[in-house]
Amino acid sequence: MAINAPATSERPITIGSFALLRRLPASPAERPGIIVAEAAGRPETPFAERSAILRCFPAPPAGEADPLQEAARKLISISHPHLVPVLEAGVQGTVVYAAEARPDGVALTEYARGNALPPATVARIVADLAAALTHLHSSGLSHGRVTPASIWIDGSGRALLSGLVPAVPQVDPNAADPWGLPEGIGVGLAADQYHLALTATQLITGREPTGPADPNRVVMDGVAERIAVILRRGLAIRPDSRFPSVADFSRELSAAVAQTGEDLIAAVWEALAREDRAMANLMIGLAERCAPDHKDLPLLRLRLQAGAPPGIESLAQALGNIAPSPAEGVTGATVPGQAPAAATPAGADQAAIAALLTPPVVPTSPAKRSNPWITFAAGFFGCIALLVLLIALSLAYS
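Procedures and definitions
Counting starts from 1 at the beginning of each chain's written sequence and moves along it residue by residue. Per-residue local features are limited, in this predicted model, to residues with pLDDT of at least 70; the limit for side-chain atom pairs, both in listing and counting, is 80 or more; totals at the level of whole chains, interfaces and linings are taken over all residues. Water and hydrogen atoms were dropped before computing side-chain values, which therefore reflect all heavy atoms in the structure. Put simply, DSSP H or I for four residues or longer makes a helix, DSSP E for two residues or longer makes a strand, and each gets a number counted from the N terminus. The buried label applies to any residue whose accessible area, calculated with a 1.4 Å probe on protein chains only, is under 20% of its type's maximum; exposed applies above 50%, and partly exposed to all values in between. Each pair of aromatic rings taken from Phe, Tyr and Trp, with Trp reduced to its six-membered ring, is defined by centres within 6.5 Å and is described as stacked if the planes are under 30 degrees apart, edge-to-face if over 60, and tilted in the remaining cases. Two limits define a charge over a ring: the Lys NZ or Arg CZ must be within 6 Å of the ring centre, and within 35 degrees of the ring normal. Within this scheme, the nonpolar core is defined by two criteria: the residues are buried Ala, Val, Leu, Ile, Met, Phe, Trp, Tyr or Cys, and they are joined through side-chain atoms within 4.5 Å. A contact between two residues is defined here by any heavy atoms of the two lying within 4.5 Å. Should a side-chain nitrogen of Lys or Arg be within 4 Å of a carboxyl oxygen of Asp or Glu, the pair is scored as a salt bridge. Note on pairing: two strands pair once DSSP finds at least 2 bridges between them. Two N or O atoms form a polar contact when they lie within 3.5 Å of each other; inside protein one atom must be a possible hydrogen donor and the other a possible acceptor, and for residues adjacent in sequence the pair counts only when both atoms belong to side chains. Residue count minus one, scaled by 1.5 Å, sets the expected span of a helix. Only the contacting stretch of a helix is used when fitting its axis, a line to C-alpha atoms as for every element, and angles between N-to-C directions run 0 to 180 degrees. Our angle categories are set so that under 35 degrees counts as roughly parallel, over 145 as roughly antiparallel, 65 to 115 as roughly perpendicular, and the remainder as oblique. Residue polarity follows a fixed list, in which Ala, Val, Leu, Ile, Met, Phe, Trp, Tyr, Cys and Pro are nonpolar, Asp, Glu, Lys and Arg are charged, and the others, Gly among them, are polar.

**Topic: the environment of Ala-224**
Step number 1: Within the secondary structure, Ala-224 is located in the loop between α4 (189-205) and α5 (225-234).
Step number 2: For Ala-224, a relative accessible area of 26% gives the class partly exposed.
Step number 3: When the C-alpha positions of Ala-224 and Val-257 are compared, they lie 8.6 Å apart, and in sequence the two are 33 residues distant.

This is the structure we're talking about:
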């Protein structure tokens, strides 16, 4: 099945109610065997001029068409705040297809840009996806390919799950697939949990998967052990060794993030970004109790101190409440979504704050030394004048 962008003079390829505009580049994270294309609703259909993403693949033998049509009807009827809606799905001739609304937002692959995301951010994304998957599973459906390529982030920061199709295409089980399952080709709750855990691992570590592997050998440098334990269980080779459900996986991951203080650290960065110093002070105090050895704490302390208002009272309070760590080196932390700040020696920040706390000394001119003869003459003539005044008064009253 070859689908290419039609020339302007050619009649466009149509599948269902949609006309294909152009085929999208293949992604290793996309389902093997599926063609993805941009499409627009045909004028004579209910989806006239509506933008859509269309996925299609060769249809299975004729005897399997009825279950596919039933699954397609379910996909169209299902609705959830974290699911990209399927506009139309079904079987057309030798092609199985599903057309979904083009999401308003940015693809997670663009959002992350290959970088590691804060664990607290990843936990929130996983929670959104787990809610969508739980709804799917309760309807007797599964996704089968949860990857960063199937996730979007909308304008309010919600994660949306896309890429739903009525069935999984038949592929070579021996073909190399970085997102392949340890148990081989399969769908269902355990498969969705594995892919969700693999997605979370990629987002937290910044490393793309290379294929099914022993989860104990997955590189998780810099990841807190409590979080790594949850991720490794979600990646277990045996499906029955994973969590009972994606909701359990998400709940345990969020709890591990909270126990390591990652959610509090993220709250400090957010408070600093909106210049809410009172909230930042509160959150960093809680983070120091929960995770006193967190790598971001020294940077956050310096950022709070350096950004304090110039009033002496507020600076004194900042220094009293947030004692500088003896191990602080240089600042240069990156607030999520902002460019890195220039590195500044910690000592320079402390010196600047100390200077502001020191009351200014107003220079005065040195006092001139008085002439002793002038002082004596002034006193002598003052006494004479007082004596003359007293004599005059006594004569006046005699």
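**Observations concerning the packing of aromatic side chains**
Step number 1: Evaluated as defined, the whole model comprises two aromatic pairs.
Step number 2: With a centroid separation of 5.3 Å and 20° between ring planes, the pair formed by Phe-18 and Phe-47 is classed as stacked. You can see Phe-18 sitting in strand β2 (residues 18-23) and its partner Phe-47 sitting in the loop between β3 (35-41) and β4 (51-58), a full 29 residues away along the chain.
Step number 3: With a relative accessible area of 16%, Phe-47 lands in the buried category.
Step number 4: Taking NZ or CZ as reference, Arg-233 lies 4.2 Å from the ring centre of Phe-243, over its face.

**Things to note about the nonpolar core**
Step number 1: Ranked by size, the top nonpolar core spans 59 residues in total, and within it Leu-161, Leu-196, Ile-227, Leu-231, Phe-249 and Leu-253 carry the most contacts.
Step number 2: Looking at this core, the element that brings in the most residues is helix α3 (residues 119-138), giving ten residues.
Step number 3: Non-local contacts of Leu-231, meaning those with residues more than four positions away in its chain, are made with Ala-197, Ala-200, Thr-201, Ile-204, Met-220, Phe-249 and Leu-253.
Step number 4: In terms of nonpolar packing, the next biggest core, distinct from the first, is built from 15 residues, Ala-52, Cys-56, Ala-99 and Ala-101 among them.

**Side note on the pattern of salt bridges**
Step number 1: For the coordinates displayed, the defined rule picks out 14 salt bridges.
Step number 2: Between Glu-100 and Arg-55 there is a salt bridge; the shortest N-O distance is 3.0 Å. Highlighted residues: Glu-100 in strand β6 (residues 95-101) and Arg-55 in strand β4, separated in sequence by 45 residues. Accessibility classification places Glu-100 together with Arg-55 in one group, the buried group.
Step number 3: Of the charged contacts, one joins Arg-145 and Asp-177 as a salt bridge, the two residues approaching to 2.8 Å between their closest N and O atoms. In this pair, Arg-145 is assigned in the loop between α3 and β8 (151-153) and Asp-177 in the loop between β9 (159-161) and α4, connecting sequence segments 32 residues apart.

**A closer look at the sheet that holds β2**
Step number 1: Reading across the sheet, the six strands line up as β1-β2-β3-β4-β6-β5 and stay open at both edges, with antiparallel pairing between neighbours. Edge positions in the open sheet fall to β1 (14-15) and β5 (86-92), since each of these has one partner strand only.
Step number 2: For β4 and β6, the ladder comprises seven bridges, and the chain directions are antiparallel. Bridge pairing in β6 links Pro-58 to Val-95.

**Section: the side chain of Thr-205**
Step number 1: For Thr-205, the position within the fold is in helix α4.
Step number 2: The exposure class of Thr-205 is buried, given its relative accessible area of 14%.
Step number 3: For Thr-205, the side chain forms a polar contact with the main-chain oxygen of Thr-201, separated by 2.7 Å.
Step number 4: One polar contact links the side chain of Thr-205 to the main-chain amide nitrogen of Arg-207, over a distance of 3.2 Å.
Step number 5: Sequence-distant contacts of Thr-205, that is, excluding residues within four places in its chain, are made with Ala-116, Val-219, Met-220 and Val-223.

**Topic: α4**
Step number 1: The terminal C-alpha atoms of α4, which comprises 17 residues, lie 24 Å apart, in line with the 24 Å expected from a rise of 1.5 Å per residue.
Step number 2: When you tally the buried positions in α4, you get 15 out of 17 residues, the bulk of the element.
Step number 3: Just downstream of α4 lies Gly-206, where phi reads positive at about 80°.

**Let's talk about the pairing of β2**
Step number 1: Of the strand pairs in this sheet, β1 and β2 are connected by two bridges, and their pairing is antiparallel. Of the residues in β2, the one forming a bridge with Thr-14 is Ala-19.
Step number 2: Connecting the antiparallel pair β1 and β2 is a turn made up of two residues, with Gly-16 showing a positive phi of about 65°.
Step number 3: Of the pairings in the sheet, the one linking β2 to β3 comprises five bridges and is antiparallel in character. Considered in β3, the bridge of Arg-23 is made with Ala-37.

**Thoughts on the packing of α3 against helix α7 (residues 262-273)**
Step number 1: Between α3 and α7, whose axes approach to 8 Å, the crossing angle comes to 105°. Between α3 and α7, the interaxial angle falls into the category roughly perpendicular. Two secondary-structure elements touch here, α3 through Pro-119, Ala-120 and Arg-124 and α7 through Glu-262, Asp-263, Ala-266 and Glu-270.
Step number 2: A class-by-class count of the residues in the contact of α3 with α7 yields three nonpolar, no polar and four charged.

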